[in-house]
Amino acid sequence: MEIKIMIGGEAGQGIQTIAGVMSRFFLRSGYFVFTEQSYQSRIRGGHNFTQIRISTDPIYSSEEGIDILVALNEETIALHRGEISKDGIVIYDKEYAKSVVDADNFLDIPLQRLAIERAQNRIASNFVACGALVAILDGDSSILEELINEDFSNVEIAQKNIRAAKAGYEAGRSKGDFKIKTPFISRNSRLLLDGGQAVGFGAIVAGCRFLSAYPMTPGSAVMNYLASHSNAYNIVVEQAEDEIAAINMALGASFGGVRSMVTTSGGGFALMVEGLSLAGMTETPLVIHIGQRPGPATGLPTRTEQGELLFVINAGHGEFPRYVVTPRNVEDAFYKTIKAFNIAERYQIPSIILTDQYLIDSMLTIEGLDLSKITIERSLLEDVPRDYKRHLITDSGISPRVLPGKEGVLVITDSDEHDEEGHITEDLDIRKRMVEKRLRKGHSLVNDVEEPIYIGKDSPEVLLIGWGSTYGALREAVETLTKEDIDVGLLHFSDVYPLPQEKLAEFKRVKKMITIENNATGQFAQLLRRETGIEIKDMVLKYNGRPFTPSEILKEVKSLW
Amino acid sequence: MVTLEDYNNNQTPAWCPGCGDFSILKCLKQALVDLGLSPHQVLIVSGIGQAAKTPHYLRCNVFNGLHGRDIPVAVGAKIANSDLVVIAESGDGDIYGEGGNHFIHNIRRNVNIKVFIHNNQVYGLTKGQASPTSELGMVTRVQVNGVINPPFNPIAVAIALDASFVARSFSGDQEHLIEMMKSAITHNGFAILDILQPCVSFNRINTFQWYKERIYKLDEEYSPTDRVSAFQKSLEWGDKIPIGVIYKKIRPTYEEQLPQLKEMPLYRQSIEDIDYSPILKEFR
């Protein structure tokens, strides 16, 4: 059983609030939930919507179609009417949608009147709608009440919202019985989280205790998340005057001895690039989170794209190693964020976590997160010799790292080319040896990258290749194709740089390879060609600012058959 | 006991003979010795420029970063590791030009770091272009008809932003400079020390003699705690140039206001064996 609910309205109507409450309502009722938010770059007005897709079986992405439309304004009905399924239902208020022709599936519920009557606040229409939705789906209204109580620490506001929800529930009940139902199934220990929470939680567990950032959507989600836990876990979150300050502050904090990170989007990262190169030269560990959104320049600030892959891999003047990971979902984002911190300190390089608005803002149900699996590897030298040299040339390229402040030891580093001690030099022999030392770290790093995962038969006729947040939609598409007896496999990358190549070699004989990317120029295909010589002829590309859905991939892939 | 010898290293300065930087370096070592600080307790962060080479020429912890970005690195390092005495040291082009935004906002932030600016009113390393503090009319290889932008007044800007400590000294008066460095280092808060300095290669106007004729020391009658008179003092430039502590304001530092830093320095706090299960509950 699967149901797709869309909640739509203007910015400022509390869509995000009830989307969060209703997503957890279905989680607690025993369903798998995937919630995708689509919003405009404005504080009030416009058209924002959230899709809550729920199922009794695991689901991994958003999907086309609407079974229930909760319309908090008239525009929502006009825009999405065509997507409603045969037995679909619309919950709306005739007061703001007078022109809507009454039909059996259009349930007029006085959302605004009930909100004002019961909660003395028109905004509470959103909770009236929640109550109506729960009634129509035959859900357990006590779970809704429990969630409102948890989310609103102000008792008075919680009570008002509960009264609004109850009024909505009664109004919904009076509308009769419907085919679509989501009765309570069971309590379980599953988790529901979005990408911003996953990266943020991963960073906290990894021991990140300093984050500096300049607000930029969607990267700020991670800053907001760490800030909301900064008192409980002693994390310093500093809003910098600009992105250049942010990356330099984080480098200072890392040099000072604290696991540090920055979070931004493509435009902010563009400003950080000189600092990225500084991390490479001074061998200062740093974790950089970049939530991609469509560019160039300001682009579409609240939409999604995979447009920064090549930028991120090539960013920074000069040559130095780096680790780039593109988490495929929230679970992967949590573990890979921790890995990014360990890699950054082990190799004393920048680690880049490349996500996107779709991953950051979408909630996925997962079975759990295993905190016992986590290790924190600081890779610091314990016994420091008297002749300690910060940039000692070693076989691995990794110089022993010590934090400044130890008696008898000096930690010296320089953005200029430097000698082993860290002092500025123009000795061209040392220069050559230092370049080679830094690059040797990248050679060992290859052993630490994770191979892509593969879903499908051993030697498929067609191989789909993807990376990052497209995983959920690709996985569902491939599962459907397999059910239709179509011989297809999916190779999906999370670690992308250095590019893992072992698994890829197994598919050399595949007749057809198709890359699927949320960009216009096939950046991963370009990377594949550059690193392996493999030339991809068929690409499915999407670059209108919206993520892929499984059915869209199905259609596109079949057309290339 | 810490001695000057503890601060000497084997590096040879790449400065022009007669450069004011030599004098500043000497005073810096003396100030650190006088305060009884060991080299391992000191971190000097610098940017790019002739002044920014300074930390290489004495024994201490060094982060020689990018042009204009010394203050953010110093601030990050101090937040992480407040056991260190952190000094950001660079030139007028670096801190007032390229790093202007950081100069402004870190006065507001008031992290307990020291900023020593070698202010020679010209670009040295790139060979003689105007700096933000170059005088009107100064002819350079780029400003071929003379500088037309009025000079940046760091002292006035700092006082306008209610900086915690604002002082000026002169590389040609070592006794005064050592005193000012020591006052800045012992001050609890963001301390700015603008150090006037001749450039023997590129600045033919503001020579040692030029400064010598104009500089006067603020005496005990001057009160650096009155903001309005300090602002008036900051506008004095030309025939008479005051040196000394021009403005001082006791303000809570950034570190004092953060609950995260109350117990112990951030870098010493354990990140292992922490119970994160309360966070997992948020996802249910």
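Residues numbered from 1 in each chain as written. Chains lettered and ligands numbered in written order. Predicted model: local features only at pLDDT ≥ 70, side-chain atom pairs only at ≥ 80, totals over all residues.

**What to know about the overall build of chain A**
Moving on, step 1. Across its full length, chain A holds 18 helices and 21 strands.
Moving on, step 2. Relative to the globule expectation of 24 Å for 561 residues, the C-alpha radius of gyration of chain A, 26 Å, shows essentially globular dimensions.
Moving on, step 3. Principal-axis analysis of the C-alpha atoms places the extent of chain A at approximately 85 × 60 × 40 Å.
Moving on, step 4. Residue burial in chain A is summarised as follows: out of 561 residues, 56% are buried.
Moving on, step 5. At a minimum sequence separation of 6, the contacts of chain A that also span at least 24 residues come to 73%. (Helix = DSSP H or I, 4+ residues; strand = E, 2+ residues; numbered from the N terminus. Rg over C-alpha atoms; globule rule 2.2 N^0.38 Å. Buried ≥ 20, exposed ≤ 12 C-beta atoms within 10 Å, placed from the backbone. Contact = placed C-beta atoms within 7 Å.)

**Describing the overall build of chain B**
Moving on, step 1. Looking only at helices and strands, chain B features 11 helices and 8 strands.
Moving on, step 2. What you see for chain B is a C-alpha radius of gyration of 20 Å, in line with the 19 Å of a compact globule of 284 residues.
Moving on, step 3. For chain B, the C-alpha atoms occupy an extent of roughly 70 × 45 × 40 Å along the three principal directions.
Moving on, step 4. Taking all 284 residues of chain B together, 49% fall into the buried category.
Moving on, step 5. Excluding contacts between residues fewer than 6 apart, the proportion of contacts in chain B whose partners are at least 24 apart in sequence is 70%.

**A few points about the pairing of strand 7 (residues 191-194) of chain A**
All names here are of chain A.
Moving on, step 1. The side-chain alternation of strand 7 yields two buried faces, one formed by Leu 191 and Leu 193 and the other by Leu 192 and Asp 194.
Moving on, step 2. Both strand 7 and strand 14 (residues 363-366) contribute to a ladder of 4 bridges, which runs antiparallel. Its bridge partner being in strand 14, Leu 192 is matched across the sheet by Thr 365. (Pairing = 2+ DSSP bridges.)

**Some remarks on helix 3 (residues 111-119) of chain A**
Residue and element names in this part refer to chain A.
Moving on, step 1. Of all the positions in helix 3, only Leu 111, Leu 114, Ala 115, Arg 118 and Ala 119 are classed as buried. Taken down its axis, helix 3 places every buried residue within 105 degrees of arc, on the same side.
Moving on, step 2. Those residues of helix 3 that are buried lie in contact with helix 4 (125-136) and helix 6 (155-173).
Moving on, step 3. Downstream of helix 3 by one or two residues, Gln 120 has phi in the positive range, about 55 degrees. (Arc of directions from axis to C-beta.)

**Comments concerning the domain arrangement of chain A**
All names here are of chain A.
Moving on, step 1. Partitioning chain A into domains gives domain 1 (2-173), domain 2 (193-373), domain 3 (380-448) and domain 4 (453-559).
Moving on, step 2. Using only C-alpha atoms to locate each centre, domain 1 and domain 4 end up separated by 35 Å.
Moving on, step 3. The interface of domain 1 with domain 4 comprises 5 residues on the first partner and 8 residues on the second.
Moving on, step 4. When grouped by side-chain class, the residues that make up the side of domain 1 that touches domain 4 number 1 nonpolar, 2 polar and 2 charged. (Domains from an automatic or database assignment. Nonpolar A, V, L, I, M, F, W, Y, C, P; charged D, E, K, R; others polar.)

**Quick look at the nonpolar core**
Here is a general trend for soluble globular proteins: nonpolar side chains tend to be buried in one another's company.
Moving on, step 1. Val70(A), Ile91(A), Val128(A), Leu133(A), Ala77(B) and Leu193(B) are the most contacted members of the largest nonpolar core, which has 216 residues in total.
Moving on, step 2. In terms of residues, this core owes the most to one element, helix 12 (residues 330-347) of chain A, which gives 10 residues.
Moving on, step 3. Once residues lying within four places of it in the same chain are set aside, the contact partners of Ala77(B) are Gly252(A), Ala253(A), Phe255(A), Gly256(A), Leu43(B), Val45(B), Phe63(B), Leu84(B) and Val86(B).
Moving on, step 4. Membership of the second largest hydrophobic core comes to 20 residues, among which are Leu464(A), Ile465(A), Ala477(A) and Val557(A). (Core = buried A, V, L, I, M, F, W, Y, C linked by C-beta atoms within 7 Å.)

**Here's the deal with the sheet that holds strand 14 of chain A**
All names here are of chain A.
Moving on, step 1. Strands sit in the order 6-5-4-1-3-2-14-7 across an open sheet of 8 strands; the sheet is mixed. Edge positions in the open sheet fall to strand 6 (106-108) and strand 7, since each of these has one partner strand only. Neighbour to neighbour, the strand axes of the sheet diverge by 20 degrees on average, direction disregarded.
Moving on, step 2. Two elements, strand 4 (residues 66-71) and strand 5 (residues 84-92), share 4 bridges in a ladder whose sense is parallel. Opposite Val 70, over in strand 5, you have Ile 91 as the bridge partner. (Axes fitted to C-alpha atoms, helices over the stretch in contact; angles between N-to-C directions.)

**Re the interface of chain A and chain B**
Think of interface size as the accessible area that goes away when the parts come together; that is how it is often given.
Moving on, step 1. Taken together, the contact between chain A and chain B spans 52 residues of the former and 42 residues of the latter.
Moving on, step 2. It is helix 9 (residues 243-256) of chain A that contributes the most residues to the side of chain A that touches chain B, 10 residues altogether.
Moving on, step 3. Considering only residue class, the side of chain A that touches chain B consists of 27 nonpolar, 16 polar and 9 charged.
Moving on, step 4. Looking at chain direction, strand 15 (residues 412-414) of chain A and strand 2 (residues 61-64) of chain B are connected through 3 bridges and run parallel.

**Describing the sheet that holds strand 11 (residues 286-292) of chain A**
Residues and elements named next belong to chain A.
Moving on, step 1. In space, the 7 strands of this open sheet follow the order 9-8-10-11-13-12-19, with mixed pairing throughout. Each having just a single partner strand, strand 9 (236-239) and strand 19 (495-497) make up the two edges of the open sheet. Neighbour to neighbour, the strand axes of the sheet diverge by 20 degrees on average, direction disregarded.
Moving on, step 2. When strand 8 (residues 210-213) meets strand 9, the two strands line up parallel, connected through 4 bridges. Each bridged residue has a counterpart across the sheet, and for Phe 210 the counterpart in strand 9 is Val 236.

**Overview of the packing of helix 9 of chain A against helix 10 (residues 266-282) of chain A**
All names here are of chain A.
Moving on, step 1. The interhelical angle for the contact between helix 9 and helix 10, taken along N-to-C directions, is 30 degrees, at an axis separation of 8 Å. What the angle tells us is that helix 9 and helix 10 run roughly parallel. As helix 9 runs across helix 10, the sense of the crossing is right-handed. Of the residues in helix 10, those touching helix 9 at Glu 243, Ile 244, Ala 246, Ile 247, Asn 248 and Leu 251 are Gly 268, Leu 271, Met 272, Gly 275, Leu 278 and Ala 279.
Moving on, step 2. Class assignment for the residues of the contact of helix 9 with helix 10 results in 8 nonpolar, 3 polar and 1 charged. (Parallel < 35°, antiparallel > 145°, perpendicular 65-115°, else oblique. Left-handed = near helix turned anticlockwise from the far one by under 90°.)

**A word on the pairing of strand 8 (residues 241-248) of chain B**
Residues and elements named next belong to chain B.
Moving on, step 1. By the bridge criterion, 4 bridges tie strand 5 (residues 165-170) to strand 8 in an arrangement that is antiparallel. What sits directly across from Val 166, in strand 8, is Tyr 247.
Moving on, step 2. Relative to strand 8, strand 7 (residues 215-217) runs parallel, the two being bridged by 3 bridges. Considered in strand 8, the bridge of Ile 215 is made with Ile 241.
Moving on, step 3. On the question of chirality, the crossover connecting strand 7 to the parallel strand 8 by way of helix 9 (residues 227-234) is right-handed. (Right-handed = clockwise from strand over helix to strand, strands pointing away.)

**With respect to helix 9 of chain A**
Moving on, step 1. If you check helix 9 of chain A, its first and last C-alpha atoms are 20 Å apart, about what 14 residues at 1.5 Å a residue would give, namely 20 Å.
Moving on, step 2. In the segment just after helix 9 of chain A, Gly257(A) is the residue with positive phi, at about 120 degrees. (Expected span 1.5 Å × (residues − 1).)

**Thoughts on unusual backbone geometry**
Moving on, step 1. Residue Pro218(A) is bonded to the preceding Thr217(A) through a cis peptide linkage, with omega at 0 degrees.
Moving on, step 2. Position of Pro218(A) relative to the elements: it lies in the loop between strand 8 and helix 8 (220-228).
Moving on, step 3. Of the consecutive residues Tyr497(A) and Pro498(A), the connecting peptide bond is found in the cis state with omega at 0 degrees.
Moving on, step 4. Although it is not a glycine, Asp138(A) adopts a positive phi angle of roughly 60 degrees.
Moving on, step 5. Taking the C-beta count within 10 Å as the criterion, Asp138(A) has 15 such neighbours and is therefore assigned partly exposed.
Moving on, step 6. A positive phi is found at Gln121(B), a non-glycine position, where the angle reads about 60 degrees.
Moving on, step 7. Of the residues examined, Gln121(B) has 24 C-beta atoms within 10 Å and is grouped as buried.

**Quick notes on the packing of helix 7 (residues 195-205) of chain A against helix 12 of chain A**
Residues and elements named next belong to chain A.
Moving on, step 1. Following both chains from N to C, one finds helix 7 and helix 12 inclined at 30 degrees, their axes separated by 8 Å at the closest point. In terms of orientation, helix 7 and helix 12 fall into the roughly parallel class. Between helix 7 and helix 12 lies a crossing whose hand is right-handed. In this structure, helix 7 contributes Gly 195, Ala 198, Val 199, Phe 201, Gly 202, Ala 203 and Val 205 to the contact, and helix 12 contributes Val 330, Ala 333, Phe 334, Tyr 335, Thr 337 and Ile 338.
Moving on, step 2. A class-by-class count of the residues in the contact of helix 7 with helix 12 yields 10 nonpolar, 3 polar and no charged.

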